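Descriptive structure summary
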Amino acid sequence: MASTYRVGEGYDIHRLERGRPMRLGCIEIPCEFGPLGHSDGDVLAHALCDALLGALALGDIGAHFPPTDPRWEGADSMRFVSHAAALARSRGARVANVDATVVLEKPKLAPHIPEMRRVLAGLLECDVEAVSVKAKTAEGLGPIGEGKAIEAHVIVCLELPEPQSVS
Ligand code: MG
C-alpha cells in the first residue's frame, strides 16, 4: 500500500529555578533546579507535542492546552503528548521516527536518556529504536549556558497509509 509522510518540528524553552522538580521527557530527573511553567514545564514533551501537531497541521500546544486554563496548572505533560499522539492515530498515522535535542548546561542527561526513550515510545506507541533523544550543553554561552534555561528541539516523521487530508 502506498504511504505518505508528514514531518513536524517543535521547539520549546523554559526558565530554570532552584527548588522546582526537573521533569524532562516525561520522567523526573534528580536535580536541585527545574523548569518554571504553568504545567510541569517539560520542554521535551512540549516540543514533541508541537512537532506532532505540526505534522498534522493542527495548530500548537497552546491552542489545545491554553496556559490561561487552570485545568493545566501543574499538569503532567505526558497528558499533552498522549493527546497529540491520539490525534495522529485517529488519522491513521503512525510515528515513523522522532529525533530530539535537549540543550541544558547540567546535569548530564546521558544516564536518563534510555528511560526517556522508553517512556516516550510507550506514549507514541512506536519502537524505542524510533525515538532518538540527544543532549548538548550550550558551552557556557547565553542564558542556557548560564544555567538559566533549558531548551528542546524535536522533529517527528509520521507515516500515513495513503495520501489523504489529515485535518
Ligand atoms: Mg513549554
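Residues numbered from 1 in each chain as written. Predicted model: local features only at pLDDT ≥ 70, side-chain atom pairs only at ≥ 80, totals over all residues. Heavy atoms only, no water.

So, on to the layout of surface pockets. Regions of empty space are outlined by a rolling probe, equal in size to a water molecule, passed over the atoms. Put simply, the largest pocket is a space of about 200 Å³. If you trace the largest pocket, you find 14 residues lining it, with S39, H46, I61, F65 and P67 closest to the centre. With 3 residues, strand β1 (residues 4–18) is the largest single contributor of residues to the lining of the largest pocket. Residues belonging to the lining of the largest pocket are distributed by class as follows: 7 nonpolar, 5 polar and 2 charged. (1 Å grid on protein atoms, 1.4 Å probe; cavity = no way out; pocket = protein on both sides within 12 Å on 5 of 7 lines; lining within 4 Å. Points joined across faces, edges and corners; volume = space filled by probe spheres on them. Helix = DSSP H or I, 4+ residues; strand = E, 2+ residues; numbered from the N terminus. Nonpolar A, V, L, I, M, F, W, Y, C, P; charged D, E, K, R; others polar.)

Along the polypeptide, C157 turns up in strand β7 (residues 149–160). Here the alpha-carbon distance between C157 and V95, two residues 62 residues apart in the chain, equals 6.2 Å. With residues near it in sequence (within four places) discarded, C157 still touches Y5, R6, V7, R94, V95, A96 and N97. (Contact = heavy atoms within 4.5 Å.)

Turning our attention to the sheet that holds β1. Strand pairing within a sheet occurs via backbone hydrogen bonds; the two strands may be parallel or antiparallel. Taken in spatial order, the 5 strands make up an open sheet running β4-β1-β7-β5-β6, and their pairing is mixed. The strands lining the two open edges of the sheet, one partner per strand, are β4 (33–35) and β6 (131–136). Neighbour-to-neighbour, the strand axes of this sheet turn through a mean angle of 20°, independent of strand direction. Direction of pairing for β1 relative to β7: antiparallel, over a ladder of 12 bridges. Bridge assignment links R6 to a residue of β7, and that residue is L158. Together, β1, β5 (94–103), β6 and β7 form the strand contacts of helix α1 (residues 43–55), whose direction differs from that of β1 by roughly 155°. Sitting on the sheet, helix α4 (residues 113–124) touches β5 and β6, and the angle it makes with β6 is about 140°. (Pairing = 2+ DSSP bridges. Axes fitted to C-alpha atoms, helices over the stretch in contact; angles between N-to-C directions.)

Bringing the nonpolar core into the picture now. Counting residues in each nonpolar core, the largest one holds 53 residues, and the members touching the most others are L24, L44, L48, L124, V154 and L158. Within the residue set of this core, elements represented by two or more residues are β2 (22–24), β3 (27–29), α1, α3 (78–90), β5, α4, β6 and β7. Ranked by residues supplied to this core, first place goes to α1 with 10 residues. (Core = buried A, V, L, I, M, F, W, Y, C linked by side-chain atoms within 4.5 Å. Buried < 20%, exposed > 50% of the residue type's maximum accessible area, 1.4 Å probe, protein only.)

Glancing now at the pattern of salt bridges. All chains considered together, the criterion is met by 8 salt bridges. For E159, the salt bridge is made with R94, and the minimal N-O distance between the two is 2.5 Å. With a gap of 65 residues between them, E159 in strand β7 and R94 in strand β5 connect regions that are remote in the sequence. A residue is classified by how much of its surface remains accessible, and R94, at 46% relative accessible area, is partly exposed. For D99, the salt bridge identified is with K134, shortest N-O distance 2.7 Å. Of the two residues, D99 is situated in strand β5 and K134 in strand β6; the sequence distance between them amounts to 35 residues. (Salt bridge = Lys/Arg side-chain N within 4 Å of Asp/Glu carboxyl O.)

Attention now goes to the coordination of the magnesium ion. Bound to the magnesium ion on the protein side are D12 (OD), H14 (NE2) and H46 (ND1), at distances that span 2.1 to 2.2 Å. Within one chain, the residues donating to the magnesium ion are spaced in sequence as D-x1-H-x31-H. Remark: H46 occurs in helix α1 and H14 occurs in strand β1; sequence separation between them is 32 residues. On the basis of relative accessibility, which here comes to 13%, the residue H14 falls in the buried class. (Donors = N, O, S within 2.8 Å, 3.2 Å for Na, K, Ca; no water.)

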